[in-house]
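Structural characterization, general
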Amino acid sequence: QVQLVESGGGWVQPGGSLRLSCALSENVFSFNVLGWYRQVPGNQREMVATSFRFGSSKYSDSVQGRFTISRDFAKNTVDLQMNSLQPEDTGVYYCYGERIMASGSKDDYWGQGTQVTVSS
């Protein structure tokens, strides 16, 4: 069973930085998509950053230029470096992975989430 386990959340003051890491039970290259989503109570889960297998990435407008997603092939993780954090970045951050199976179907996977709180 594929598992994604997040770590690195916590509390930080506005303007600070945090680095989230998602440990994968399968080889990081086997995922055609890896990403980070966040959710606040009462809202839908929203995409924050996405990494595609062959190197490209995509960010939400609200984090563009402040967050960086990266795959670590040695550690088998997908990480999210978050800089210049603001209170509106507060939420539960979820790691997401998608694999294309031999049949052509897509399987997707979610971590359990890690809380990020930005406040003074």
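Refer to the structure above for everything that follows.
The paragraphs below set out a description of the structure included in this document. (Residues numbered from 1 in each chain as written. Predicted model: local features only at pLDDT ≥ 70, side-chain atom pairs only at ≥ 80, totals over all residues. Heavy atoms only, no water.)

Tallying each qualifying case throughout the model produces five salt bridges. Residues R19 and D79 are paired through a salt bridge, measuring 3.4 Å at the closest nitrogen-oxygen approach. With R19 in strand 3 (residues 18-24) and D79 in strand 8 (residues 77-82), this pair connects stretches of sequence that are 60 residues apart. The shortest N-O distance in the salt bridge between D89 and R38 comes to 3.0 Å. Placement of the pair is D89 in the loop between strand 8 and strand 9 (91-100) and R38 in strand 4 (residues 33-39), with a sequence separation of 51 residues. (Salt bridge = Lys/Arg side-chain N within 4 Å of Asp/Glu carboxyl O. Helix = DSSP H or I, 4+ residues; strand = E, 2+ residues; numbered from the N terminus.)

The subject of this paragraph is unusual backbone geometry. Even without glycine at this site, N76 takes up a positive phi of about 60 degrees. With respect to the element layout, N76 can be found in the loop between strand 7 (67-72) and strand 8. Relative accessible area serves as the criterion here: at 17%, N76 is assigned to the buried category. Non-glycine residue S84 carries a positive phi angle of around 50 degrees. (Buried < 20%, exposed > 50% of the residue type's maximum accessible area, 1.4 Å probe, protein only.)

Attention now moves to the pairing of strand 10 (residues 106-110). Across five bridges, strand 9 lies against strand 10 in antiparallel orientation. Within strand 10, the position partnered with I100 by the bridge is K106. (Pairing = 2+ DSSP bridges.)

Take the sheet that holds strand 7 next. In spatial order, the strands read 1-3-8-7; together these four strands make up an open sheet with antiparallel pairing. The open sheet has two edge strands with one neighbour each: strand 1 (4-7) and strand 7. Looking at each pair of strands side by side, their axes are set apart by 15 degrees on average, direction ignored. (Axes fitted to C-alpha atoms, helices over the stretch in contact; angles between N-to-C directions.)

Taken together, the side chains of F29, F54 and F73 present a nonpolar region at the surface, about 390 Å² in accessible area. Tracing the backbone through its elements, the reader meets F73 in the loop between strand 7 and strand 8. (Patch = residues over 30% accessible without salt bridge, like charges linked within 9 Å, V, L, I, M, F, W, Y side chains within 5 Å. Areas by Shrake-Rupley, 256 points an atom, 1.4 Å probe, with all protein chains shown as cover.)

A separate point is the packing of aromatic side chains. Enumeration according to the criterion identifies six aromatic pairs in this entry. Between F31 and Y109, the aromatic rings sit 6.2 Å apart at their centres with planes inclined by 80 degrees, giving edge-to-face as the arrangement. Of the two residues, F31 is situated in the loop between strand 3 and strand 4 and Y109 in strand 10; the sequence distance between them amounts to 78 residues. Summarising the burial analysis for this pair, F31 and Y109 share the class buried. Judged by centre distance (5.6 Å) and plane angle (65 degrees), the rings of Y37 and Y96 are edge-to-face. Taken together, the residues Y37 in strand 4 and Y96 in strand 9 connect sequence positions 59 residues apart. Of the two residues, Y37 and Y96, both sit in the buried class. (Phe/Tyr/Trp six-rings, centres within 6.5 Å; stacked < 30°, edge-to-face > 60°.)

It is worth spelling out the pairing of strand 3 at this point. Judged by which residues are buried, strand 3 turns out to be one-sided: L18, L20, C22 and L24 face inward and are buried, whereas R19, S21 and A23, on the alternate face, are not. Where strand 1 meets strand 3, four bridges bridge the pair, whose relative direction is antiparallel. Counted as the bridge partner of E6 is C22 from strand 3. Of the pairings in the sheet, the one linking strand 3 to strand 8 comprises six bridges and is antiparallel in character. Its bridge partner being in strand 8, A23 is matched across the sheet by T77.

As far as function goes, none of this settles anything; it's purely spatial.
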